[in-house]
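Now for the letters of each chain:
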Protein chains: 2
Amino acid sequence: MADAPREIEDLIALMARLPGLGPRSARRAVLHLMKKRAQLLLPLAEALSRVGANVRECARCGNLDTADLCAICTDARRASGQICVVEDVADLWALERARAYRGHYHVLGGLLSALDAVGPEDLGIPRLLARLEPEGVHEVILALPATLDGQTTAHYLADRLTGVTLTTLAQGVPVGGELDWLDEGTIGAALRARRSL
Amino acid sequence: MADAPREIEDLIALMARLPGLGPRSARRAVLHLMKKRAQLLLPLAEALSRVGANVRECARCGNLDTADLCAICTDARRASGQICVVEDVADLWALERARAYRGHYHVLGGLLSALDAVGPEDLGIPRLLARLEPEGVHEVILALPATLDGQTTAHYLADRLTGVTLTTLAQGVPVGGELDWLDEGTIGAALRARRSL
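All of these numbers come straight from a predicted model, not from anything done at the bench. (Residues numbered from 1 in each chain as written. Chains lettered and ligands numbered in written order. Predicted model: local features only at pLDDT ≥ 70, side-chain atom pairs only at ≥ 80, totals over all residues. Heavy atoms only, no water.)

1. Focus: the overall build of chain A
Now for step 1: Check the secondary structure of chain A and you find 7 helices and 6 strands.
Now for step 2: Mapped from its N terminus to its C terminus, chain A presents α and β elements in the order α-α-α-β-β-β-α-β-α-β-α-β-α.
Now for step 3: In terms of overall size, chain A is more extended than a compact globule, its C-alpha atoms giving a radius of gyration of 22 Å where 197 residues would be expected to give roughly 16 Å.
Now for step 4: Considered along the principal axes of its C-alpha atoms, chain A spans approximately 70 × 45 × 35 Å.
Now for step 5: Looking at chain A alone, contacts between residues at least 24 apart form 46% of all its contacts between residues at least 6 apart.
Now for step 6: With the model as given, the accessible surface of chain A reaches about 10,900 Å², and the carbon-plus-sulfur share is 53%.
Now for step 7: In chain A, which carries 22 positive and 25 negative side-chain charges, the distance between the mean positions of the two groups comes to 7 Å. (Helix = DSSP H or I, 4+ residues; strand = E, 2+ residues; numbered from the N terminus. Rg over C-alpha atoms; globule rule 2.2 N^0.38 Å. Contact = heavy atoms within 4.5 Å. Areas by Shrake-Rupley, 256 points an atom, 1.4 Å probe, with all protein chains shown as cover. Lys, Arg positive; Asp, Glu negative; His and termini not counted. Charge placed at Lys NZ, Arg CZ, Asp CG, Glu CD.)

2. Notes on the pattern of salt bridges
Residue and element names in this part refer to chain A.
Now for step 1: Scanning the entire structure with this criterion turns up 16 salt bridges over all chains.
Now for step 2: A salt bridge links E46 to R50; the shortest N-O distance between them is 3.2 Å. Taken together, the residues span about one helical turn, with E46 and R50 both in helix 3 (residues 37-54) at a distance of 4 residues.
Now for step 3: A cluster of three or more residues bridged by salt bridges with shared partners is formed by R60, R131 and E135. (Salt bridge = Lys/Arg side-chain N within 4 Å of Asp/Glu carboxyl O.)

3. Let's talk about the nonpolar core
In a soluble, globular protein the nonpolar side chains are often hidden away together inside.
Now for step 1: Ranked by size, the top nonpolar core spans 78 residues in total, and within it I8, M15 and L48 of chain A together with I8, M15 and L48 of chain B carry the most contacts.
Now for step 2: With residues near it in sequence (within four places) discarded, I8 of chain B still touches V51, V55, L64 and W93 of chain A together with V30 of chain B. (Core = buried A, V, L, I, M, F, W, Y, C linked by side-chain atoms within 4.5 Å. Buried < 20%, exposed > 50% of the residue type's maximum accessible area, 1.4 Å probe, protein only.)

4. Quick look at the relation of the copies chain A and chain B
Now for step 1: Expressed as a screw operation, the relation of chain A to chain B combines 0.0 Å of axial shift with a rotation of 180°, fitting to an RMSD of 0.1 Å. These values place the two chain copies in the arrangement generated by a two-fold rotation axis. No C-alpha of chain A lies nearer the rotation axis than that of A45 of chain A, which sits 2.4 Å from it. (Least-squares fit on C-alpha atoms with pLDDT ≥ 70 in both.)

5. Looking at the interface of chain A and chain B
Now for step 1: Across the contact, 54 residues belong to chain A and 54 residues belong to chain B.
Now for step 2: Approximately 5,200 Å² of surface area, both sides summed, lies buried where chain A meets chain B, with 72% of it carried by carbon and sulfur atoms.
Now for step 3: The interface formed by chain A and chain B contains 2 salt bridges.
Now for step 4: In this structure, the salt-bridge partner of K35 of chain B is D88 of chain A, at a minimum N-O distance of 3.4 Å.
Now for step 5: Mapped by element, the contributors of at least two residues to the side of chain A that touches chain B are helix 1 (6-15), helix 2 (23-35), helix 3, strand 2 (64-65) and helix 4 (89-98) of chain A.
Now for step 6: In terms of residues, the side of chain A that touches chain B owes the most to one element, helix 3 of chain A, which gives 15 residues.
Now for step 7: Among the residues forming the side of chain A that touches chain B, the class breakdown is 31 nonpolar, 7 polar and 16 charged. (Buried area = accessible area lost by both parts, 1.4 Å probe. Nonpolar A, V, L, I, M, F, W, Y, C, P; charged D, E, K, R; others polar.)

6. Some details on the sheet that holds strand 3 (residues 82-86) of chain A
All names here are of chain A.
Now for step 1: Spatial strand order, 4-3-5-6: 4 strands in an open sheet with parallel pairing. A single partner strand is all that each edge strand has here, and the edge strands are strand 4 (104-107) and strand 6 (165-168). Strand-to-strand twist of the sheet, defined as the mean angle between neighbouring strand axes without regard to direction, takes the value 25°.
Now for step 2: Where helix 4 meets the sheet, it contacts strand 3, strand 4 and strand 5 (139-143), and its direction lies at approximately 155° from that of strand 4. (Pairing = 2+ DSSP bridges. Axes fitted to C-alpha atoms, helices over the stretch in contact; angles between N-to-C directions.)

7. Some points on the packing of helix 1 of chain A against helix 2 of chain A
Packed helix pairs are characterised by how far apart their axes lie and by the angle those axes make with each other.
Residue and element names in this part refer to chain A.
Now for step 1: Two elements in contact, helix 1 and helix 2, have axes separated by 8 Å at closest approach and are oriented at 125°. Taken together, helix 1 and helix 2 sit at an angle that is classed as oblique. Between helix 1 and helix 2 the crossing geometry is right-handed. Residues I8, E9, L11, I12 and M15 of helix 1 lie in contact with helix 2, whose contacting residues are P23, A26, R27, A29, V30 and L33.
Now for step 2: Class assignment of the residues belonging to the contact of helix 1 with helix 2 gives a composition of 9 nonpolar, no polar and 2 charged. (Parallel < 35°, antiparallel > 145°, perpendicular 65-115°, else oblique. Left-handed = near helix turned anticlockwise from the far one by under 90°.)

8. What about the sheet that holds strand 6 (residues 165-168) of chain B?
All names here are of chain B.
Now for step 1: Pairing within the open sheet is parallel, and its 4 strands lie in the order 4-3-5-6. Both outer strands of the open sheet, strand 4 (104-107) and strand 6, are each paired with one neighbouring strand and no more. When the angles between neighbouring strand axes are averaged without regard to direction, this sheet yields 25°.
Now for step 2: The sheet contact formed by strand 3 (residues 82-86) and strand 4 spans 4 bridges and is parallel. Note that in strand 4 the partner of V85 across the bridge is H106.
Now for step 3: Along the sheet, helix 4 (residues 89-97) contacts strand 3, strand 4 and strand 5 (139-143); its crossing angle with strand 4, the most-contacted strand, is approximately 155°.

9. A look at the packing of aromatic side chains
Two measures describe an aromatic ring pair: the distance that separates the ring centres and the angle between the ring planes.
Now for step 1: A complete count under the given rule lists 2 aromatic pairs over all chains for this structure.
Now for step 2: In this arrangement the basic side chain of R160 of chain A is found over the ring face of Y156 of chain A, its NZ or CZ atom lying 4.1 Å from the centre. (Phe/Tyr/Trp six-rings, centres within 6.5 Å; stacked < 30°, edge-to-face > 60°. Lys NZ or Arg CZ within 6 Å of the ring centre and 35° of its normal.)

10. With respect to the pairing of strand 4 of chain A
Now for step 1: Every second residue of strand 4 of chain A is oriented toward a common face, with H104 and H106 of chain A on one face and Y105 and V107 of chain A on the other, all of them buried.
Now for step 2: Between strand 3 of chain A and its parallel partner strand 4 of chain A, the chain crosses via helix 4 of chain A, and the hand of that crossover is right-handed. (Right-handed = clockwise from strand over helix to strand, strands pointing away.)

11. Regarding unusual backbone geometry
Peptide bonds are, in most cases, trans, and in most cases residues other than glycine have a negative phi.
Now for step 1: The phi angle at A117 of chain A is positive, at roughly 55°, despite the residue not being glycine.
Now for step 2: On the secondary structure map, A117 of chain A appears in the loop between strand 4 and helix 5 (125-131).
Now for step 3: Its identity as a non-glycine residue notwithstanding, R99 of chain B has a phi of 50°, on the positive side.
Now for step 4: Assignment of secondary structure puts R99 of chain B in the loop between helix 4 and strand 4.
Now for step 5: Assessed through its relative accessible area of 63%, R99 of chain B is described here as exposed.

The following block contains the structure:
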């Protein structure tokens, strides 16, 4: 049997480690790349090198940027004294897309998990606590997922974050959400948190 | 709103053009790459560059390899005089994995399609016809998909390939296939092609 060349097998094996791609779809993706060498394969190789060389974690908040301190941390127009705690950079981007928050962030890079042996130090929680005084933080907003690990992490943080106002995102019916498509948990939370008109 | 850095947005846009990944999953894949910079991001960038620089289409059959003529075309142990016509390099690899064929190949790189304006020249069909005499080809095996375009291409090739034995892959029940999971078309084909025991 003639194998595919070593270079291609290596590439397929690496692509198959991306979330959302398995061995078969990685193979398909690599063949697609070979067909679009100039338009896709070479630009992708270059974009990856560029990200690998230039993008790093912000030393203060954990956001991704090309400088040691990210654009959000260095933006003087953003309200200081407010930190929104998120699990992941993807959540930070989602909040930024909503254009509803003008404070700073802290990216945990994960959630506390007894099962996966993830402790507070792994998540930079000491780093978060160390930011409170020097930055004059008066409010910490917890924007963590409503999962078991998310809520465990939120409770842990609530215990440690003393002397600041602690808030969390409201739970309720999504904007444009239809009641008969929603799960009972969300409907129950929305009912309990009902407000007068 | 603070955008993700330009380098990351560029990378997400390129990743989203891979088959099997959309904008959301491309974003997730890029964040995963950022977390595994040394183990995944940098090796992937290098593997892509290496494939881009070294892997090319075989000048004779269209297979992918690092030399101008691929390992199959230059393998003296393979039967000359037999050419198996496939749509794509992925199909060639699938046939090689089956270890049941020891002749040569011809990769069309697509199928005839009136809808997408793909004609015989786009598929290197003239190149296939030009191989018949110099290589002393006595049999051409059509291993094309059982789709409309696949069958159109097979009919077109059958008209042009004169003076050689023309065969096609048998249709029937897959090995290990259970009848009640099979489509009617396959069961019908298997019945019509039944053989005596």
